[in-house]
Amino acid sequence: MPKMKTKSSAKKRFRVRPGGTIKCGHAFKRHILTKKTTKNKRQLRGITNVNAADVVSVMRMMPNA
């Protein structure tokens, strides 16, 4: 039986914390920033947790995490 591999895109985007939560960066912060408000851009800084509805699919992409 071959080993299960981690998706390369998932290991670049997500990290599993010791408590079991998954951290990721915010979306909508890469380009076309001129039409976004300063408040919106400020709130997109930093990291956030993956939504609870998406945790199962993220963990399926990273079987060794």
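Residues numbered from 1 in each chain as written. Predicted model: local features only at pLDDT ≥ 70, side-chain atom pairs only at ≥ 80, totals over all residues. Heavy atoms only, no water.

Considering the sheet that holds strand 1 (residues 15-16)
- Taken in spatial order, the 3 strands make up an open sheet running 1-2-3, and their pairing is antiparallel. Every interior strand has two partners, whereas the edge strands, strand 1 and strand 3 (47-49), have only one.
- As paired elements, strand 2 (residues 22-25) and strand 3 share 3 bridges and run antiparallel to each other. Of the residues in strand 3, the one forming a bridge with Cys-24 is Thr-48. (Pairing = 2+ DSSP bridges. Helix = DSSP H or I, 4+ residues; strand = E, 2+ residues; numbered from the N terminus.)

Focus on the pairing of strand 2
- Because side chains alternate across strand 2, one face comprises the buried residues Ile-22 and Cys-24, and the other comprises Lys-23 and Gly-25, none of which is buried.
- Both strand 1 and strand 2 contribute to a ladder of 2 bridges, which runs antiparallel. Looking at strand 2, one finds that Val-16 is bridged to Ile-22.
- Between strand 1 and strand 2, which follow one another and run antiparallel, lie 5 residues, and Gly-20 among them has a positive phi close to 100°. (Buried < 20%, exposed > 50% of the residue type's maximum accessible area, 1.4 Å probe, protein only.)

A few points about the nonpolar core
- Ala-10, Phe-14, Ile-22, Cys-24, Val-50, Val-58 and Met-62 form the largest nonpolar core, which has 7 residues in total.
- In contact with Ala-10, other than residues within four places in its own chain, are Met-61 and Met-62. (Core = buried A, V, L, I, M, F, W, Y, C linked by side-chain atoms within 4.5 Å. Contact = heavy atoms within 4.5 Å.)

Details of unusual backbone geometry
- One non-glycine residue with positive phi stands out, namely Phe-28, at about 65°.
- By the element assignment, Phe-28 lies in the loop between strand 2 and helix 2 (38-43).
- Residue class for Phe-28 comes out exposed when judged on its relative accessible area of 65%.
- The phi dihedral of Ile-32 falls on the positive side, at around 55°, and the residue is not glycine.

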